[in-house]
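# Summary of the model geometry
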Amino acid sequence: MTYVWQALVANFAVVALVTSIWSQMLGWLYDQSPMRRRAALGLLVGLGAAATIAMSVEVSPGVFFDLRSGLLTLGAFFGGPVVALIATVIAVAYRAFEGGAGVVVGTANLVAAALIGLGVRRLSATSGPNIRCILLLGVAMVALIWASIMLLPAEAQARALAGFALPTSVMSFLATITMGLTVLHAGVIARERSILHAALEQSPDFQYIKDTSSVFVAANRAVARHNGFNEPGELVGKSDFDLYPPERAQQLFEQEQVILQTGQASNDIEEVVKDAQGVEHNYRTSKAPLRDHENRIIGLAGVTVETTMFKQLEHELVESRDMLATALAEMSDGLAMFDANGFMLFCNDQYRDAFPLTAHLRRPGVHIRQILQAVVDTGEQVQLPVSGEKAWVDYTSNQLKQANVEEIELFNGRHLQLRNRPAPDGRSLVLVSDATELKVAERALIAANASLETLASVDDLTGLFNRRVFDETLARELSRSVRANSHLSLLMVDVDRFKAYNDTYGHQSGDRCLKTVASSIKSSMRRFSDMASRYGGEEFAIILPETDEDGAYFMGDALRKAIRDEAIPHSASEKGVVTVSVGLAHYGPNSNSRAAAELIGRADEALYSAKAAGRDRVMGWTQVSPLH
């Protein structure tokens, strides 16, 4: 019995030797081609299995017990089909050479061991090799030994069960588990080492390790090529004194010795170094001490990154930023940028100074609606609607998304021109110019012209411009809107049931009614560029340059309400008071053709629709598709 254990221990020593060689070879194997790796591993496992057979215990003539199965199954499990085939062929050939009564069972045992390894490998394809797989292989080897015993002749079977089955099972299980765990652990280390080596080798940065004498122990290819070497191994054993001028080498040596002596890392040291052609390069270096398991400093690791390009980009960025800041500070106009959601991104001081009562709110992060609400609350902008402030805030905030030009008057008499330019990404650029002097000059010019043309231009009864001025103004504004590619709106206003009013109250009362309507129209004029005229009889026309359809509707409806609020009695009307109907026509920036007759015709059609819909309302022109 002692002899059996001694022989199996010798077998175990063979397994341990193969395991050691296998573990040591893993680093080399990862650097080889797949076929060379499998061939080498298959040869090692096959020879190991043959060695265990050579040192086996003879149960009966021609029947041998050993630990060959564990080697083959682990070779197949870790190496795959090619390794299993090579190792099995070698082991089977040697077993056949040994001969004896157990050749068939022994061969079957070898083939079965390889198949078991391949089967467990397939089961672990998703999770990969692990401890549970190793334990499963150990149990399978024990089962294989007992299965092999059952296939032996009766006499050999009795002898095996009496003195060989238990020792062989125990040693086979231990050998399989020990070898499997060792190879598994060695494989993890080898893979990690391979990954670290690849990362070090392929990194574009300069990475290196030095000993306590500042001599290179390892370096990547970037360091080697930077210093004129083809392979990193050529740097091993050299120091900076072999690579750089003495002054530079001494400087690096002293820096590294401080790190090694104090144990304190040096991070992000920036340097400017000239190359052989005198060109300056920027570098950032970090170095840290390396310690062993006893916390003793055994060297240092360094990483150097060339930052020349980043420094150039940083310099260009600073220059661009300074240029932009100077331009924003020196420009006479105010400038603000809003994002797609209406939040201010930035603005210059001129923009804030243009709005003295809300300057504190005009800063990055504030929403346009909050700013506009403050304009309403402080009364900073004049001629805002007395009621309907929310509608004005909504309308004006939505204007950020459209290209437009607007002139406003502030509480202090200053006039501003606001130009909005939306960007494709949803942001909006707002330019603010002081138009006070231009507006004063414009007013003076208008007053002078008005004094000369009043008699020829004004309707005697209503004090509004007459039809001739309307025609001239509309032609002029049409031409200007074409050149500027801007909005132009026209309102046609008609007193409802006016003939019936004259018939009921007389023509003098009718004249007073028209004067009241004209007065309400004059009060509704917000801009000097807006123009109202008596178009004929009880019909009036209002020209609104640079006003989109929403703005025109807003003004027309306010006028309609104002006339109704006058509450002029009209018993012949279903409304009970004097009311007006308003027709609206509009040309947008993208209108291809613009004609006075067409615009007036559209406004008349809209006016007719308003009357047909029940009067006392504002309706816009809508194109009706012809019937076929």
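Scroll up for the structure.
This report concerns the structure included in the present document. Computed from a prediction, not measured in an experiment: that's the story for all the values here.

Relative to the 24 Å expected for 17 residues at 1.5 Å per residue, helix 10 (residues 246-262) spans 24 Å between its end C-alpha atoms, a close match to the ideal helical length. For helix 10, every residue scored as buried is listed here: A249, L252, E256, Q257, I259 and L260. Each buried residue of helix 10 lies within a common arc of 155° when the element is viewed along its axis, so the set occupies one face. Residues of helix 10 that are exposed and point more than 90 degrees away from the buried face comprise E247 and Q261.

To continue, consider the pattern of salt bridges. As enumerated under the stated definition, the model contains 29 salt bridges in all. One salt bridge connects D292 with R296, and the closest N-O pair in it is separated by 2.9 Å. For D292, a relative accessible area of 19% corresponds to the buried category. If you follow the salt bridges from partner to partner, you end up with D557, R560, K561, R564 and D616 in one network.

Read from one edge to the other, the open sheet built from five strands follows the order 9-8-12-11-10, with strand pairing classed as antiparallel. With one partner strand each, in any of the chains shown, strand 9 (344-347) and strand 10 (404-409) form the two edges of the open sheet. When the angles between neighbouring strand axes are averaged without regard to direction, this sheet yields 20°. The sheet contact formed by strand 10 and strand 11 (residues 415-422) spans six bridges and is antiparallel. Among the inter-strand pairings, V405 is bridged to a residue of strand 11, identified as R419.

Relative to each other, helix 16 (residues 467-484) and helix 20 (residues 596-612) sit at 110°, their axes nearing to 10 Å. Classed by the angle they form, the pair helix 16 and helix 20 counts as roughly perpendicular. At the point where helix 16 passes helix 20, the crossing takes the right-handed sense. Side by side, helix 16 and helix 20 meet where F470, L474 and L478 of the first sit next to A596, L599 and I600 of the second. Looking at the contact of helix 16 with helix 20, its residues break down into six nonpolar, no polar and no charged.

Rules used throughout
Residues numbered from 1 in each chain as written. Predicted model: local features only at pLDDT ≥ 70, side-chain atom pairs only at ≥ 80, totals over all residues. Heavy atoms only, no water. Helix = DSSP H or I, 4+ residues; strand = E, 2+ residues; numbered from the N terminus. Expected span 1.5 Å × (residues − 1). Buried < 20%, exposed > 50% of the residue type's maximum accessible area, 1.4 Å probe, protein only. Arc of directions from axis to C-beta. Salt bridge = Lys/Arg side-chain N within 4 Å of Asp/Glu carboxyl O. Pairing = 2+ DSSP bridges. Axes fitted to C-alpha atoms, helices over the stretch in contact; angles between N-to-C directions. Parallel < 35°, antiparallel > 145°, perpendicular 65-115°, else oblique. Left-handed = near helix turned anticlockwise from the far one by under 90°. Contact = heavy atoms within 4.5 Å. Nonpolar A, V, L, I, M, F, W, Y, C, P; charged D, E, K, R; others polar.

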